[in-house]
Number of protein chains: 4
Amino acid sequence: MSEFSYPLHEECGVFGIYDKAGTEDVTAAVYSALYSLQHRGQESCGIAVNDDGVISGYRDLGLVNEVFTPQVLASLSKPEIRMATGHVRYATAGSRIRANAQPMIVRHGRGTMALCHNGNLTNAIQLRTELENEGAIFHGSSDTEVICYLITRERLKSGSIELAVSRTMDKLDGAYSLVIMSSTKLIAVRDPRGYRPLCIGTLPGGGYVFASESCALDAAGADFLRDVEPGEIVIADANGLRSVKDHCGRKDTQMCVFEFIYFARPDSVIEGSSVHEARKQAGRFLAEEHPVEADVVIGVPDSGLDAALGYSEASGIPYGIGFIKNKYIGRTFIQGSQKQRENSVRIKLNAVTSTVKDKRVVLIDDSIVRGTTSARIIKLLRDAGAKEVHFRVSAPPFKYPCYFGTDIPDQKLLVATGRTVAEINEIIGADTLGYLSTEHVVQLAKNSKCGFCTACFTGKYAVKPDQVLSTNIHERHLHDRPKDEKKLGE
Amino acid sequence: MSEFSYPLHEECGVFGIYDKAGTEDVTAAVYSALYSLQHRGQESCGIAVNDDGVISGYRDLGLVNEVFTPQVLASLSKPEIRMATGHVRYATAGSRIRANAQPMIVRHGRGTMALCHNGNLTNAIQLRTELENEGAIFHGSSDTEVICYLITRERLKSGSIELAVSRTMDKLDGAYSLVIMSSTKLIAVRDPRGYRPLCIGTLPGGGYVFASESCALDAAGADFLRDVEPGEIVIADANGLRSVKDHCGRKDTQMCVFEFIYFARPDSVIEGSSVHEARKQAGRFLAEEHPVEADVVIGVPDSGLDAALGYSEASGIPYGIGFIKNKYIGRTFIQGSQKQRENSVRIKLNAVTSTVKDKRVVLIDDSIVRGTTSARIIKLLRDAGAKEVHFRVSAPPFKYPCYFGTDIPDQKLLVATGRTVAEINEIIGADTLGYLSTEHVVQLAKNSKCGFCTACFTGKYAVKPDQVLSTNIHERHLHDRPKDEKKLGE
Amino acid sequence: MSEFSYPLHEECGVFGIYDKAGTEDVTAAVYSALYSLQHRGQESCGIAVNDDGVISGYRDLGLVNEVFTPQVLASLSKPEIRMATGHVRYATAGSRIRANAQPMIVRHGRGTMALCHNGNLTNAIQLRTELENEGAIFHGSSDTEVICYLITRERLKSGSIELAVSRTMDKLDGAYSLVIMSSTKLIAVRDPRGYRPLCIGTLPGGGYVFASESCALDAAGADFLRDVEPGEIVIADANGLRSVKDHCGRKDTQMCVFEFIYFARPDSVIEGSSVHEARKQAGRFLAEEHPVEADVVIGVPDSGLDAALGYSEASGIPYGIGFIKNKYIGRTFIQGSQKQRENSVRIKLNAVTSTVKDKRVVLIDDSIVRGTTSARIIKLLRDAGAKEVHFRVSAPPFKYPCYFGTDIPDQKLLVATGRTVAEINEIIGADTLGYLSTEHVVQLAKNSKCGFCTACFTGKYAVKPDQVLSTNIHERHLHDRPKDEKKLGE
Amino acid sequence: MSEFSYPLHEECGVFGIYDKAGTEDVTAAVYSALYSLQHRGQESCGIAVNDDGVISGYRDLGLVNEVFTPQVLASLSKPEIRMATGHVRYATAGSRIRANAQPMIVRHGRGTMALCHNGNLTNAIQLRTELENEGAIFHGSSDTEVICYLITRERLKSGSIELAVSRTMDKLDGAYSLVIMSSTKLIAVRDPRGYRPLCIGTLPGGGYVFASESCALDAAGADFLRDVEPGEIVIADANGLRSVKDHCGRKDTQMCVFEFIYFARPDSVIEGSSVHEARKQAGRFLAEEHPVEADVVIGVPDSGLDAALGYSEASGIPYGIGFIKNKYIGRTFIQGSQKQRENSVRIKLNAVTSTVKDKRVVLIDDSIVRGTTSARIIKLLRDAGAKEVHFRVSAPPFKYPCYFGTDIPDQKLLVATGRTVAEINEIIGADTLGYLSTEHVVQLAKNSKCGFCTACFTGKYAVKPDQVLSTNIHERHLHDRPKDEKKLGE
């Protein structure tokens with residue numbers, strides 16, 4: 001799937017910083033980090049700051065550069081601030097409301113807490129119903145509010161926030177990478193199966209940073225220390241860094257393999273493996289699985305470029321720059337007429353004629369979602385004079401829904417569901433079509449100690465949601481009219 | 001106090017509509033009603049609609065015409081919608097955050113509820129602390145969230161929402177006029193002392209409207225039925241209109257007299273009395289208490305005009321138009337320099353020379369807050385050639401804080417605190433100065449069955465807040481760092 | 001015509017300041033003055049400043065408070081600036097383009113010039129065609145660009161700018177009040193018939209101000225000196241103030257009488273007469289011409305209030321406050337449905353029931369344009385319980401187009417065109433209807449040495465446009481395809 | 001120079017379309033084309049449309065996606081429109097005013113004309129002074145207005161617009177590629193030396209397109225026909241396409257070589273040569289001129305990528321992806337503190353560690369302007385573990401100003417001015433540094449029949465401006481106070 005087709009969406013990026021030495025511009029560091037995590041969520045963003053125990057924040061719908069105007073950023077900046085957290089979020093259409101933007105800041109019996117979440121709980125409805133039955137009220141529809149409630153309740157019993165977090169983890173199921181800020185502590189949490197990435201960096205002057213991806217450490221001026229382990233609770237405070245590992249040690253860890261294929265930035269290192277290198281490896285495997293005689297290998301920018309380079313390396317076919325992407329197309333691009341709509345791929349992406357004219361071309365992309373865009377891109381190459389187009393996909397066919405934080409279109413829209421490779425190729429119109437095998441996809445990140453979730457290719461889920469629904473479960477729940485309300489005495 | 005000086009602020013206006021016949025454009029009716037209540041709150045506003053039991057809404061910082069763009073209004077409009085509620089809010093600087101905008105929509109164990117609040121609880125901190133100790137989390141700082149929690153908890157026990165509301169009222173202290181929308185009912189509630197107004201209208205096609213002031217009924221095309229009684233719960237649903245009166249009947253009702261003097265619109269009728277008529281009556285009393293030989297009576301626009309007409313009527317001195325107010329000065333007016341700042345009253349307000357030149361002028365305003373603006377207005381008249389300026393104030397001297405929903409500046413800023421009338425006049429520079437007596441102020445609304453709160457003049461409060469603080473109590477609570485957090489085990 | 005009906009539009013307000021002493025914040029003074037002239041034009045505005053001979057400026061579509069953000073205002077502010085000019089403009093729909101916003105700044109052979117214009121030339125098309133035939137190019141469609149060209153060309157011949165202006169006046173016909181700023185001089189010009197007002201003020205520290213109305217002098221902190229005479233050129237520079245009067249002395253001066261009835265602000269003094277006083281006088285004349293037995297006299301806010309006071313004074317019938325105007329209705333008010341559209345007058349304006357219920361009411365407005373709004377306002381009063389409504393209009397029936405700077409709807413839309421007073425009343429539905437006579441309308445401003453233009457009532461024009469067209473003449477000219485272009489050799 | 005350093009700016013992109021068959025959505029085609037030309041100018045843009053001879057348009061400061069909102073675009077769209085023109089513009093800080101945005105639309109004695117200009121006249125001041133002395137007035141500061149005047153004046157004498165254009169070309173000196181739209185004709189003009197590119201496309205249904213670059217033809221759905229020749233006037237109208245060639249045939253044509261190195265998009269074909277191919281050729285020449293032992297060749301995105309591929313190809317050293325560019329950094333990125341400012345390159349650009357760690361790296365960029373950014377990028381690589389960094393620049397050292405439409409910083413800021421290559425390398429800190437030779441730079445576009453301007457490398461200009469000034473000449477002229485104004489009689 002290229003960014004020009006129906007997009008798959010990562011749901012979130014999280015970040016937190018604890019500047020022990022007080023030498024950083026903490027708010028500016030979060031702001032920079034959110035820019036570097038923007039690819040993980042473009043619908044809303046927010047920053048919460050901790051000024052000597054008092055937590056305040058700002059969040060809104062929009063990109064980082066839209067939400068954080070100089071005025072807003074200035075209102076969150078103060079030399080005294082030494083702890084802050086930030087979030088970028090993608091949300092499905094129905095839940096595109098401000099109340100779901102993060103960091104979520106809640107006031108409770110022990111003070112104030114800010115919480116950032118990346119992932120998706122599979123038992124959110126059940127937990128939410130239990131809480132509602134005990135008198136809880138909810139302002140938004142996200143499962144993040146459920147986590148806040150559980151931590152708050154445990155904290156009333158448990159005293160320390162890390163103990164409350166640990167007891168909350170006993171109840172949560174599914175995917176969650178969290179950054180939590182209390183009045184004195186910054187805490188990172190990764191679910192026991194490790195669905196979503198989360199890593200730790202150190203600040204040159206002393207202090208710690210937590211981030212969804214290591215590229216955010218670079219942006220914030222921190223040095224990579226290590227990944228948070230699946231199940232680990234990491235606490236940064238005035239006493240330094242310490243871990244609670246009572247949920248660590250599962251054998252069936254389930255890191256999302258799509259992080260390597262598509263979501264993460266190539267300059268990030270996840271579970272010990274360079275994302276760029278993993279994608280090049282996908283290209284090398286593809287060359288091995290689906291070799292072809294050709295004159296040039298090109299990638300669909302930007303997500304197909306790394307794999308194209310790997311394919312070129314393994315096959316010996318020269319690498320070329322086949323497309324120029326228009327940098328100025330934004331969300332406001334207007335498609336005037338039917339004709340313009342059909343033409344829109346061409347405006348966003350143009351073939352470099354001198355690279356492909358009269359050539360046999362290997363074209364690499366990281367997935368095919370609905371097929372429409374792939375068909376148009378192939379046509380673009382043929383219009384520019386390509387003699388042959390051999391399409392190679394750096395992932396297996398994409399067929400099943402994700403319950404762990406990726407927004408995937410309805411199965412009916414997925415071209416691979418219920419079709420053979422030959423049938424798919426008939427739709428997209430390449431000369432040959434080859435997908436990466438499931439065997440190879442789990443070998444992309446060679447240093448990883450983690451296992452991988454490949455359920456979107458295989459349909460084999462480690463855990464299923466409590467009600468079998470799309471990722472929009474909460475929406476349905478909230479917007480349905482409670483059937484038994486009347487019986488209750490109204 | 002004129003609108004040109006440091007303003008006193010009413011905190012809110014509430015509105016709800018239940019269109020039984022399904023013949024109204026319900027969302028448009030709320031929109032119109034909020035325009036007519038805008039004078040009660042200019043910092044944020046919101047609308048919640050109920051589409052066959054499913055409640056959704058939109059709220060933001062800004063005026064009605066800023067928040068409700070055609071797109072937003074269209075997203076809330078549907079022919080099927082038959083119930084809706086709306087709110088305008090003033091908020092003190094510190095709490096100018098979106099999370100406090102209303103209607104507050106909460107999801108709970110029995111469905112969804114939207115709630116609008118005008119007033120101020122005096123035991124909010126105590127109630128909030130109790131709730132927090134039981135595991136409640138708070139997203140904002142307003143006491144409205146406390147009310148939502150209490151109703152939700154009572155409902156789990158009580159079944160019907162009206163019973164839950166009634167049990168909640170047992171716990172609340174202070175001022176509150178509420179409009180509550182559940183999936184099937186629209187409910188109006190007024191606190192037992194009746195601090196803030198709330199009235200009922202009927203729709204021509206069948207159905208009911210609740211509003212802070214009757215001018216909103218006119219805007220929504222409804223006919224005035226009656227006021228909600230102090231302590232009354234009024235329920236509108238498919239079965240018509242009914243009342244729960246178990247909190248009615250207090251002898252010491254305490255309607256805010258400032259509603260008549262300043263807050264309410266002159267075309268509203270509150271507790272059976274026309275606000276315009278009450279203000280004219282204030283002018284008549286003033287003419288009786290503080291007569292003077294003069295050539296013309298003028299009012300500071302707009303709030304002094306009615307009383308000026310009453311003074312003229314009682315004294316026989318001709319009424320004149322003494323000032324022209326600039327209609328285009330908005331919130332964005334820029335005061336370039338010190339000089340311009342001093343000049344700013346003159347740009348907002350200009351004297352009509354032909355009315356005042358060589359005349360002995362009686363000048364009426366509804367209050368003096370800090371004195372600066374009154375002084376400038378008097379100077380304006382002298383510069384325009386007035387021979388004498390006799391200042392008459394249609395309320396008693398304003399000296400004490402309000403705990404019931406009015407934002408009043410710090411006592412140190414009130415010119416009347418600790419000064420005699422003569423000393424005040426020395427500051428503002430009139431020839432003579434006269435205030436309305438406390439005896440007369442409670443006789444302005446002659447048809448009222450309500451008693452009146454005059455605590456801001458007398459310092460005699462029917463109930464005091466649980467912690468003696470300004471109206472900004474919640475802010476302080478939230479932004480202070482909880483002192484004992486560490487003891488609790490972090 | 002009230003502001004709630006189809007509006008008549010004044011086309012412009014002009015302002016200029018020369019701060020000889022260098023003690024003023026000149027840009028802030030223009031900004032304040034434009035606020036006080038905003039009623040003369042709400043579609044675009046602009047400011048040009050002269051920084052030691054270098055002229056720059058900013059102009060855009062929008063109100064003063066929309067166009068002049070703090071950033072924009074700061075970019076025009078500098079302590080060294082001692083001369084500046086400003087403009088507010090109304091423009092008919094077709095020509096609502098930025099290129100027509102003023103002040104117009106042009107660079108020419110003798111330097112730079114900024115020019116502000118209020119009025120309308122009647123021979124603009126002829127002058128423009130002559131200029132085009134000599135190679136001139138035009139960027140916009142306004143006649144202001146024609147004036148700039150003529151002055152520029154005369155200046156190449158004449159040397160001094162005042163001589164160039166005088167020679168240009170030989171060629172211009174119609175209405176024009178100009179403020180012109182060169183690198184060293186500020187010049188005010190009024191056409192020989194004096195259609196539009198223009199006055200002179202003095203700054204306390206030394207220096208001069210020119211403005212369309214005296215209310216702008218008050219806002220800018222200047223003292224009224226005198227009106228610019230019809231035909232006069234007034235020059236302010238380092239040498240003080242001087243006049244060129246070679247176009248003065250016409251007997252048939254033609255000041256627009258609608259300036260007194262509707263356009264100008266009541267606190268302005270024009271041609272020696274207070275606008276407020278002139279409107280009261282209109283009310284007194286009305287009481288004399290159309291007496292009636294009644295209980296209360298009320299005016300449609302804001303433009304009918306002064307005349308209502310005059311009617312009350314002359315008739316002895318008490319003056320009342322009959323309506324409350326909603327201050328928050330802006331340009332963005334959305335009329336959701338047909339029903340809401342009909343209801344819109346009621347949202348903008350609400351009757352004060354206690355003033356009119358069971359009363360015989362005299363209702364004063366300054367004109368009836370299409371009749372629809374008047375009909376709705378009368379219905380408002382009847383709905384509020386008025387027993388009788390006697391409508392009095394403080395101007396004669398409005399029947400003919402204006403060629404001198406007022407935008408008037410098509411004659412077909414004017415209710416008075418081709419109808420008797422009785423027929424008009426049938427449309428608006430009052431008990432009785434009375435208009436001010438043409439005899440009295442020219443006596444409103446008792447101190448005026450000027451004659452008055454009453455052509456919109458009588459159809460007798462002192463001068464007609466070169467092509468008999470609506471006020472949109474330039475638009476038609478520009479947007480029509482030149483018929484003979486092809487013959488010319490393309 | 002990468003886009004991350006002080007940018008060099010192309011001043012404009014021009015576009016025109018004549019849809020003979022009436023089958024295109026002409027406005028949408030211009031809109032798409034402007035997106036594809038956006039890299040040539042990001043400060044203002046505009047579109048002018050011709051609706052049956054009536055020309056109207058819209059232009060403003062901002063990017064295409066900011067200026068052309070759906071409302072604005074709809075206002076310019078109509079099925080009947082068959083001719084339109086568009087422009088993107090870069091402007092130096094001082095002249096960043098709306099009056100200079102294009103297309104410039106002027107009304108003159110023969111109708112209306114829209115004109116788009118890319119380039120810079122070298123005799124603009126002289127021409128402007130002559131026009132001013134004949135009574136012309138100027139609204140803006142650009143030389144485009146001068147061209148409009150000259151064409152208008154010639155047309156009054158000459159009849160046909162193409163003859164007027166030809167006579168105007170007799171007077172103009174310097175660089176200009178124009179697209180002109182009259183009521184019935186669309187005309188493309190390229191100056192006799194051919195400084196800026198301009199090409200012709202054909203529409204599938206019949207009709208013609210003119211564009212600065214061929215990538216705009218692709219976006220508009222047109223097919224490349226040929227370049228406009230230096231000196232050629234090409235007319236498209238109802239009769240088809242024809243040429244006036246009386247200014248063609250100069251031997252010393254001077255196409256700007258920087259179009260190939262940096263300005264043009266790689267997917268464009270200019271003067272018969274692919275821009276991508278020319279850049280790859282630059283890389284091949286560099287490998288030949290400055291070979292080095294290394295492990296990987298990387299380019300600075302995006303402008304160094306093509307040359308890096310060429311270097312890799314010629315040298316046999318593998319090509320790598322060395323950097324990830326942040327796609328979300330917009331113009332509103334806020335640099336909080338000094339620290340953040342230093343860090344800003346790192347946020348915009350991050351090294352891919354797995355590509356460069358422990359490697360000897362050849363780094364290719366297309367120029368070095370001030371040196372600061374190059375130094376930071378080299379440091380980025382060293383921080384990521386690169387063992388050696390060999391910097392290769394795909395152009396000669398950049399030392400002299402451009403008078404032909406490129407905005408270049410002051411010579412004092414150019415690191416190459418007055419320094420040897422060794423001295424430059426000391427500043428940027430590479431292991432070795434090599435520039436492309438001037439001999440090779442003119443051989444990049446191997447099919448070109450044009451000669452090349454290399455004055456910015458050599459200082460040898462074909463023509464010099466009438467006053468030796470920076471490219472900001474008009475600004476200085478306008479903002480200086482005319483010295484002799486007083487003598488002229490004021």
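Bear in mind the structure is a predicted one, so any value in this text is a computation, not a measurement. (Residues numbered from 1 in each chain as written. Chains lettered and ligands numbered in written order. Predicted model: local features only at pLDDT ≥ 70, side-chain atom pairs only at ≥ 80, totals over all residues.)

A.B. asks: How should the overall build of chain A be read in this particular structure?
C.D. replies: Assigned secondary structure in chain A consists of 17 helices and 25 strands. Within the span of chain A, comprising 490 residues, buried residues form 63% of the whole. Sequence-distant contacts in chain A: of pairs separated by 6 or more residues, those separated by 24 or more amount to 74%. (Helix = DSSP H or I, 4+ residues; strand = E, 2+ residues; numbered from the N terminus. Buried ≥ 20, exposed ≤ 12 C-beta atoms within 10 Å, placed from the backbone. Contact = placed C-beta atoms within 7 Å.)

A.B. asks: Where do I start with the sheet that holds strand β13 (residues 233-237) of chain C in this structure?
C.D. replies: Paired through backbone hydrogen bonds, the strands of a sheet run either parallel or antiparallel to each other. Residue and element names in this part refer to chain C. Strand order in the open sheet made by the six strands is β6-β7-β8-β9-β13-β14, with antiparallel pairing throughout. The outermost strands of the open sheet, each flanked by one partner alone, are β6 (104-108) and β14 (240-244). For this sheet, the mean angle separating the axes of adjacent strands, direction not counted, is 20 degrees. Strands in contact with helix α5 (residues 144-158) are β6 and β7 (111-121); relative to β7, the strand with the most contacts, it is inclined by about 130 degrees. (Pairing = 2+ DSSP bridges. Axes fitted to C-alpha atoms, helices over the stretch in contact; angles between N-to-C directions.)

A.B. asks: Help me understand the relation of the copies chain A and chain D in this model?
C.D. replies: What relates the two chain copies is a rotation about an axis together with a slide along it. It takes a turn of 180 degrees to lay chain A on chain D, together with a shift of 0.0 Å along the axis; the resulting RMSD is 0.0 Å. The transformation just described matches what one would write down for a two-fold rotation axis. Comparing interface residues between copies, 100% of those in chain A also sit at the interface in chain D, which points to an isologous, same-surface contact. (Least-squares fit on C-alpha atoms with pLDDT ≥ 70 in both.)

A.B. asks: Teacher, can you tell me more about the confidence of the model for chain A here?
C.D. replies: The predicted structure's coordinates, where accompanied by low pLDDT, should not be read in detail. All names here are of chain A. Looking at chain A, the pLDDT average stands at 88 and 89% of residues meet or exceed 70. Considering only residues more than four positions removed or in separate chains, one finds that residues 1-7, a stretch of pLDDT under 50, has 24 contacts. Ignoring residues within four places in sequence, the model shows residues 468-490, a span with pLDDT below 50, making 41 contacts including any to other chains. (pLDDT = per-residue confidence, 0-100.)

A.B. asks: Explain the interface of chain A and chain D to me, please; I cannot follow it from the model alone.
C.D. replies: Interface extent is often summarised as the accessible area lost during association of the parts. At the interface, 50 residues of chain A touch 50 residues of chain D. Ranked by the residues each element gives to the side of chain A that touches chain D, the list is headed by helix α1 (residues 26-37) of chain A, at six residues. By residue class, the composition of the side of chain A that touches chain D is 22 nonpolar, 20 polar and eight charged. (Nonpolar A, V, L, I, M, F, W, Y, C, P; charged D, E, K, R; others polar.)

A.B. asks: Looking at this structure, how should I read the domain arrangement of chain A?
C.D. replies: All names here are of chain A. Domain boundaries in chain A define domain 1 (9-253) and domain 2 (275-326 + 340-441). Its C-alpha centre places domain 1 at a distance of 36 Å from the equivalent point of domain 2. Looking at the side of domain 1 that touches domain 2, the elements with two or more residues in it are β1 (9-10), β7 (111-121) and β8 (174-181). Broken down by element, the residue count for the side of domain 1 that touches domain 2 peaks at three residues, all from β7. Of the residues assigned to the side of domain 1 that touches domain 2, the class counts are three nonpolar, seven polar and three charged. (Domains from an automatic or database assignment.)

A.B. asks: Teacher, can you tell me more about unusual backbone geometry here?
C.D. replies: Trans peptide bonds make up most of the peptide bonds, and negative phi angles are found at most residues other than glycine. Residue and element names in this part refer to chain B. Of note, the amide linkage connecting proline 301 to aspartate 302 takes the cis form, showing an omega dihedral of -10 degrees. Inspection of the secondary structure puts aspartate 302 in the loop between β18 (296-299) and α10 (305-315). One non-glycine residue, glutamate 271, lies in the positive phi region at around 50 degrees. Residue placement: glutamate 271 occurs in the loop between β16 (269-270) and β17 (273-274). Given 20 C-beta atoms within 10 Å, glutamate 271 falls into the buried group.

A.B. asks: Sorry if this is basic, but what is going on with the sheet that holds strand β21 (residues 360-365) of chain C here?
C.D. replies: All names here are of chain C. Taken in spatial order, the four strands make up an open sheet running β18-β21-β22-β24, and their pairing is parallel. In this open sheet, the two strands that pair with only one neighbour each are β18 (296-299) and β24 (432-435). If you compare each strand with its neighbour and ignore which way they point, the axes differ by 20 degrees on average. Across four bridges, the pairing between strand β22 (residues 388-393) and β24 is parallel. Its bridge partner being in β24, histidine 390 is matched across the sheet by threonine 432.

A.B. asks: Would you mind showing me how to read the environment of Thr144(D) here?
C.D. replies: All names here are of chain D. As for its placement among the helices and strands, threonine 144 is situated in helix α5 (residues 144-158). Expressed as a C-alpha distance, the spacing of threonine 144 and asparagine 120, which sit 24 residues apart in the sequence, is 8.8 Å. Residues in contact with threonine 144, not counting those within four places in the same chain, are Gln102, Met104, Leu115 and His117.

A.B. asks: How should I be thinking about the pairing of strand β10 (residues 199-202) of chain D in this particular structure?
C.D. replies: Consecutive residues of a regular strand have side chains that alternate between opposite faces of the sheet. All names here are of chain D. Bridge analysis of β10 against strand β12 (residues 223-227) gives four bridges, and the strand direction is antiparallel. Following the sheet pairing, cysteine 199 is matched in β12 by aspartate 227. Hairpin connection from β10 to strand β11 (residues 208-211): five residues lie between these consecutive antiparallel strands, with glycine 206 at a positive phi of about 105 degrees.

A.B. asks: Can you help me understand helix α1 (residues 26-37) of chain C in this one?
C.D. replies: An α-helix turns once per 3.6 residues; consequently, residues spaced three or four apart project the same way. Residue and element names in this part refer to chain C. With 12 residues, α1 extends 16 Å from end C-alpha to end C-alpha; this agrees with the ideal 16 Å at 1.5 Å per step. Of all 12 residues making up α1, 12 are buried, and the element is well covered by its neighbours. Taken together, the buried positions of α1 are occupied by Val26, Thr27, Ala28, Ala29, Val30, Tyr31, Ser32, Ala33, Leu34, Tyr35, Ser36 and Leu37. (Expected span 1.5 Å × (residues − 1).)

A.B. asks: Is there a simple way to explain helix α5 (residues 144-158) of chain B in this structure?
C.D. replies: All names here are of chain B. The terminal C-alpha atoms of α5 lie 20 Å apart, and with 15 residues this matches the ideal 21 Å at 1.5 Å per residue to within 8%. Considered for burial, the residues of α5 that qualify are Thr144, Glu145, Val146, Ile147, Cys148, Tyr149, Leu150, Ile151, Thr152, Arg153, Glu154 and Arg155. The inward-facing, buried residues of α5 abut β6 (104-108), β7 (111-121), α4 (124-133) and α6 (161-171). Count one or two residues on from α5 and you reach glycine 159, which has phi positive near 85 degrees.

A.B. asks: Help me understand the environment of Glu43(D), please; the structure alone is not making it clear to me.
C.D. replies: Residue and element names in this part refer to chain D. Here glutamate 43 shows up in the loop between α1 (26-37) and β3 (44-51). Residue classification places glutamate 43 among the partly exposed positions, given that 19 C-beta atoms sit within 10 Å. Sequence separation between glutamate 43 and valine 64 is 21 residues; the distance between their C-alpha atoms is 9.3 Å.

A.B. asks: Help me understand the packing of helix α4 (residues 124-133) of chain D against α5(D) in this model?
C.D. replies: In a packed pair of helices, the relevant descriptors are the angle between the two axes and the axis-to-axis distance. Residue and element names in this part refer to chain D. The interhelical angle for the contact between α4 and α5, taken along N-to-C directions, is 50 degrees, at an axis separation of 10 Å. The orientation of α4 relative to α5 falls into the category oblique. Handedness of the crossing formed by α4 with α5: left-handed. Note on element contacts: α5 touches α4 through Val146, Tyr149 and Leu150, opposite Ala124, Leu127, Arg128 and Leu131. (Parallel < 35°, antiparallel > 145°, perpendicular 65-115°, else oblique. Left-handed = near helix turned anticlockwise from the far one by under 90°.)

A.B. asks: Where do I start with the pairing of strand β8 (residues 174-181) of chain D in this structure?
C.D. replies: All names here are of chain D. Within β8, eight of the eight residues are buried, leaving the element largely enclosed by the surrounding structure. As defined by bridge partners, strand β7 (residues 111-121) adjoins β8 across eight bridges and the pair is classed as antiparallel. Considered in β8, the bridge of cysteine 116 is made with valine 179. The pairing of β8 with strand β9 (residues 186-190) spans five bridges and is classified as antiparallel. When the sheet's bridge partners are listed, methionine 181 is paired in β9 with leucine 186. Between β8 and β9, which pair antiparallel and follow one another directly, the connecting turn spans four residues.

A.B. asks: Before we go on, may I ask you to explain the UniProt feature "binding site: [4Fe-4S] cluster" (unreviewed entry) in chain A in this structure?
C.D. replies: All names here are of chain A. Annotation from UniProt places "binding site: [4Fe-4S] cluster" (unreviewed entry) at Cys256, Cys402, Cys453 and Cys456. Across 201 residues in sequence, these annotated residues keep their C-alpha atoms within 9.9 Å of one another, forming a single compact spot. As for its position among the elements, cysteine 402 is in the loop between β22 (388-393) and β23 (406-407). Judged by the 22 C-beta atoms lying within 10 Å of it, cysteine 402 falls in the buried class. (UniProt positions renumbered as here; feature names shortened; annotations may be inferred.)

A.B. asks: Explanation requested: the nonpolar core in the structure shown.
C.D. replies: Soluble, globular proteins show a tendency: their nonpolar side chains are buried together. Leu381(A), Leu381(B), Leu381(C) and Leu381(D) are the most contacted members of the largest nonpolar core, which totals 644 residues. Setting aside residues no more than four positions away along its own chain, Leu381(C) makes contact with Ala351(C), Val356(C), Val361(C), Leu363(C), Ala386(C) and Val389(C). (Core = buried A, V, L, I, M, F, W, Y, C linked by C-beta atoms within 7 Å.)

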